[in-house]
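Chain residues, written in single-letter form:
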Amino acid sequence: MIIQIKDLHKYFGDLEVLKGINLEIEAGEVVVIIGASGSGKSTLLRCINKLEEITSGQIIVDGHDINGKNVNINEIRAETGMVFQQFNLFPHKTVLENVTLGPLKVRKMSKAEAKKIGLQLLEKVGLSDKADVYPAQLSGGQMQRVAIARSLALSPKVMLFDEPTSALDPELVGEVLEVMKQLANEGMTMIVVTHEMGFAREVADRVIFIDKGVIEEEGPPEQIFDNPKNERTKAFLAKVK
Amino acid sequence: MSNFDFKTEVIWESIPILMSGLKLTIIITASGLLVGFFLGAIFGLLKLIRFRPVRFIANVYIETIRGTPIMVQVMFIYFGLPMALGTRIDPLTSAISAIAINSGAYIAEIVRGSVQSIDKGQTEAGRSIGLTRAQNMLYVVWPQAFRRMIPPLGNQFIISLKDTSLFVVIGVGELTRTGQEIIATNFRAFEVWTTVAIMYLCITFVISKALNLLEYKLGLK
């Protein structure tokens, strides 16, 4: 088991956004989290690499309690790649420099080694020809693929995707999902918060529906999409279809 | 009409002496700002630390300096401090220190504001690939913030340059002081102050253009 979440509660001030989440994720699993905006799904994802501090509960990533006292959170974050809705590429660095920053500074690789890995990953996401341009010259879809390469450069054990296609023009969504599918096929453990139901159905091993900070229903995609048991799940799916 | 006649030769005579004053003005400004930038960077970043006592110290420095006139500050350093310390501080050191301490307080606010203006997503991305807080500042936030600092820094550089003219009160032989001294001998106030003003204008113009160029170069990325 690569991730284990036990009775996770998270408050923003007085507002309880996560109300006791229990979740276990196996290595190689692709889990898609769906739910309305404000349901807490992004917050859950952000707790897993400690971009949000949890209020109570426990999150164990690859055997480490990430909120434990003697844990080096930077090492754990390097093992859990994160892809953001707004890409968050470093605008002052070239595409290749974006990808090699982690290998150079976190993994302490030599420049030649980092460059080799960077170029391999850019090829993997289909952007070899963009290595030396700055992010501002890329389309949204290209930026998101660079962001994926940037996370992969750390050879993470888990990849977290926080609505990776929500900020994209419709015609650019496909190229990003294609890269994600390829990753899933290679056996990467992935947790994906998304509104792309087609992707969830095709790629997910398990779909989790979160509503008002609670996991209301989970199961294989066929079950969730074709035969939901929970009334809230039904209501949500009826709205997004 | 007064029968004032403008004597061009006064200008040519004054220029060599004024140039030595200008040189000192540039030395005071450049060294003062160099130290001031470091002070500003340090105190600006201290203001962003969560631990309150550290922020408090930074605030005391910034508020004290911004809340008192630079002329008082330089007289405190030159006339006041030696009484307490028992050693003389020479005028040039006093002048450079005053510019450094004074500009440092303003630059601290420029640094803080620019760093805070960088999107939080940048830090989240940096930390998510495992960069430490310090690495994230150094490689991700600072380079982007620095570009935003340039226009307000340009402003501060020009203000500090002009502030050196107040140092006539401690008798350091910078440009304004040299002008006063020439006028004391030839009484040609109009010609001399015109020349002095043009000299300041030239330097501030160069500073503006240089920073515009730097901003443009960094902005090309």
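Residues numbered from 1 in each chain as written. Chains lettered and ligands numbered in written order. Predicted model: local features only at pLDDT ≥ 70, side-chain atom pairs only at ≥ 80, totals over all residues. Heavy atoms only, no water.

Considerations on the environment of Ile158 of chain B
Residues and elements named next belong to chain B. What counts here: For the purposes of this entry, the term helix denotes a DSSP run of H or I that reaches at least four residues, the term strand denotes a run of E that reaches at least two, and both are numbered from the N terminus. Contacts are residue-level and defined by heavy atoms, with any inter-residue pair within 4.5 Å sufficient.
For Ile158, the location among the structural elements is in helix α6 (residues 133-163). In the structure, Ile158 is positioned 83 residues away from Met75 in sequence and 21 Å away in space, judged by C-alpha atoms. Residues in contact with Ile158, not counting those within four places in the same chain, are Thr204, Ile207 and Ser208.

Concerning the packing of aromatic side chains
All names here are of chain B. This is how the line gets drawn: Geometry of aromatic contacts follows a simple scheme: Phe, Tyr and Trp rings, the Trp one being its six-membered ring, pair when their centres are within 6.5 Å, and the pair is stacked under 30 degrees between planes, edge-to-face over 60, tilted otherwise. Relative accessibility decides the category of a residue: with a 1.4 Å probe and only protein chains considered, values under 20% of the type maximum give buried, values over 50% give exposed, and everything between is partly exposed.
In the structure shown here, the tally under the stated rule is 6 aromatic pairs over all chains. A ring pair is formed by Phe6 and Phe190, whose centres lie 5.7 Å apart and whose planes are at 85°; its orientation type is edge-to-face. Taken as a pair, Phe6 in the segment before α1 (8-46) and Phe190 in helix α8 (residues 189-219) lie far apart in primary sequence, 184 residues in all. A residue is classified by how much of its surface remains accessible, and Phe6, at 37% relative accessible area, is partly exposed.

Some words on the nonpolar core
Note the cut-off: Residues belong to one nonpolar core when they are buried, are Ala, Val, Leu, Ile, Met, Phe, Trp, Tyr or Cys, and are joined through side-chain atoms within 4.5 Å.
By size, the foremost hydrophobic cluster in this structure holds 70 residues, and its most contacted members are Ile3, Ile5, Leu8, Ile21 and Leu44 of chain A together with Phe167 of chain B. Here the element with the most residues in this core is α6 of chain B; it accounts for 9 residues. Listed in part, the 47 residues of the second largest apolar core include Val83, Leu122, Leu177 and Ala200 of chain A.

Side note on the confidence of the model for chain B
Note the threshold: Each residue carries a pLDDT score, the predictor's own confidence in it, on a scale running from 0 to 100.
The predicted model of chain B averages 94 in pLDDT, with 99% of residues at 70 or higher. Among the prediction metrics, the complex's ipTM stands at 0.93, with pTM recorded as 0.90.

Notes on the pairing of strand β2 (residues 15-25) of chain A
Regular strands place side chains that alternate from one sheet face to the opposite one. Residue and element names in this part refer to chain A. Under the convention used in this document: DSSP bridges decide pairing: two strands pair if at least two such bridges lie between them.
When strand β1 (residues 3-12) meets β2, the two strands line up antiparallel, connected through 8 bridges. In the strand pairing of β2, Lys10 is matched with Leu18. Here β1 folds back onto β2 in antiparallel fashion, the turn holding 2 residues, of which Gly13 has a positive phi close to 65°.

Notes on the packing of α1 of chain B against helix α2 (residues 52-66) of chain B
All names here are of chain B. Short version of the rule: Think of each axis as a best-fit line through the C-alpha atoms, taken over the contacting stretch in the case of a helix, with angles from 0 to 180 degrees between the N-to-C directions. Convention used here: angles under 35 degrees read as roughly parallel, angles over 145 as roughly antiparallel, angles from 65 to 115 as roughly perpendicular, and any remaining angle as oblique. Left-handed describes a crossing whose near helix is turned anticlockwise from the far helix through less than a right angle; right-handed describes the clockwise counterpart. Basically, the charged four are Asp, Glu, Lys and Arg, the nonpolar ten are Ala, Val, Leu, Ile, Met, Phe, Trp, Tyr, Cys and Pro, and anything else, Gly included, counts as polar.
One can describe the packing of α1 onto α2 by two numbers: an axis separation of 8 Å at closest approach and a directional angle of 135°. Here α1 lies oblique to α2, going by the angle between them. Handedness of the crossing formed by α1 with α2: left-handed. Facing α1, whose interface residues are Leu39, Phe43 and Leu46, α2 presents Val54, Arg55, Ala58 and Tyr61. Counted by class, the contact of α1 with α2 contains 6 nonpolar, no polar and 1 charged residues.

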